[in-house]
Amino acid sequence: MAMDFQGRVAIVTGAGGGLGRLHALALARRGAKVVVNDLGGAVDGSGGSATAAQQVVDEIRAAGGEAIANAASVTDFEAVQAMVKQAITAWGRVDILVNNAGILRDKSFAKMDMADFRLVVDVHLMGAANCCKAVWPYMQEQNYGRIVMTTSSTGLYGNFGQANYGAAKLAQVGLMQTLAIEGAKHNIRVNALAPTAATRMTAGLLPEPVLEALKPEAVVPAMLVLAHESAPTRTIVCAGAGGFEAAHITMTEGIYLGMGETVPEELAARLAEVTASEGQQVPASGAVQGQVEVGKAMKAHGH
Ligand SMILES: NC(=O)c1ccc[n+]([C@@H]2O[C@H](COP(=O)([O-])OP(=O)(O)OC[C@H]3O[C@@H](n4cnc5c(N)ncnc54)[C@H](O)[C@@H]3O)[C@@H](O)[C@H]2O)c1
């Protein structure tokens, strides 16, 4: 059966180009009404123009779809709230939010300016938080919502020169974890997408045949799955070049050492047992860590 978005209203941020544009086009092609948001700035976040978003809206309309443009910066909470109002006024609901807007300010940490660190966190983390906060009451009220964060392999695993970006990208996973838990009773599902794609963001970084393989179109199916009615929740899906993987934040079984003077030495000696992956789990919530630890202590004390 075709994956249908008929009757759904979606907001895609940073949809004036790159992956966001393709996300918006795909959602519209499958029946969603789309708010195409984009500040229209350069890859480092400087400048801005409303035409980027408008051009994508024109493309959607030319193909028979419904869309409206919005040029808010996701960093501006009032402007983001106005964007959500725009969707509500036009179509009466907001079903899907794809947090895709992003910038880069790459430099090794030694050379990185703290202003560039703060700006990258502001766009990726606060931008996503602003958009989530603005749609949240409507999604709660509707008892329906699908939110897709855009994380990155840099956030999950690190990359040279991207300390600011990596921190901001993994922060979106942190936001996902709790929003998925809080949203569950209102049928709000929250997931994260870690794309790999040849866009202006990765221009000049990779050789031509690799860029050819990394067509951004290959990422879109993962977004559609995470934004659909049938979406999972609290899932991190990686996508690029037609490959799909998942990233898990696991907790190992570990050991019990109790408390005592020599615990530092014992822990150092048995660290390989602590980090060993056999028997690891993906905790259902943060509370599980404490439960596991208290459980070990109780068992050691014969309870
Ligand atoms: N391309 C990749 O390999 C890759 C890898 C991992 C993550 N990502 C993430 O995917 C997303 C899309 O990136 P892309 O590769 O398509 O790059 P891109 O630069 O083409 O797209 C980002 C878009 O966000 C917009 N934007 C920037 N700041 C904004 C703001 N404050 N408010 C609204 N819009 C804003 C830009 O104008 C741009 O159109 C980003 O979040 C990026 O970090 C991309």
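- The protein chain goes by 3-hydroxyacyl-CoA dehydrogenase in an unreviewed UniProt entry, where it is assigned to Comamonas testosteroni.
- A UniProt comment under Sequence similarities (unreviewed entry) is attached to the protein chain, and it reads "Belongs to the short-chain dehydrogenases/reductases (SDR) family."

## Concerning unusual backbone geometry
Alright, step 1. Its identity is not glycine, yet Asn187 carries a phi of approximately 60°, on the positive side.
Alright, step 2. Along the chain, the position of Asn187 falls in the loop between α6 (163–183) and β6 (188–195).
Alright, step 3. Here the phi dihedral of Arg234 falls at roughly 60°; this positive angle occurs in a residue that is not glycine.
Alright, step 4. Mapping Arg234 onto the fold places it in the loop between α8 (220–227) and β7 (236–240).

## Notes on the sheet that holds strand β4 (residues 96–99)
Alright, step 1. Here 8 strands make up an open sheet; going across it, the order is β3-β2-β1-β4-β5-β6-β7-β8 and the pairing mixed. Each edge of the sheet is formed by a strand with only one pairing partner; in this case those strands are β3 (67–70) and β8 (243–247). Averaged over all pairs of adjacent strands, the angle between their axes in this sheet comes to 20°, without regard to strand direction.
Alright, step 2. Here β6 runs beside β7; their pairing, made up of 4 bridges, is parallel. By the bridge assignment for β7, Ala194 is matched with Cys238.
Alright, step 3. Strands β1 (9–12), β2 (33–37) and β3 of the sheet are contacted by helix α3 (residues 77–91), whose axis makes an angle of about 160° with β3.
Alright, step 4. Across the sheet, α6 touches β4, β5 (145–150), β6 and β7, and the angle it forms with β6 is around 160°.

About the thresholds
- Residues numbered from 1 in each chain as written.
- Predicted model: local features only at pLDDT ≥ 70, side-chain atom pairs only at ≥ 80, totals over all residues.
- Heavy atoms only, no water.
- UniProt positions renumbered as here; feature names shortened; annotations may be inferred.
- Helix = DSSP H or I, 4+ residues; strand = E, 2+ residues; numbered from the N terminus.
- Pairing = 2+ DSSP bridges.
- Axes fitted to C-alpha atoms, helices over the stretch in contact; angles between N-to-C directions.
- Contact = heavy atoms within 4.5 Å.

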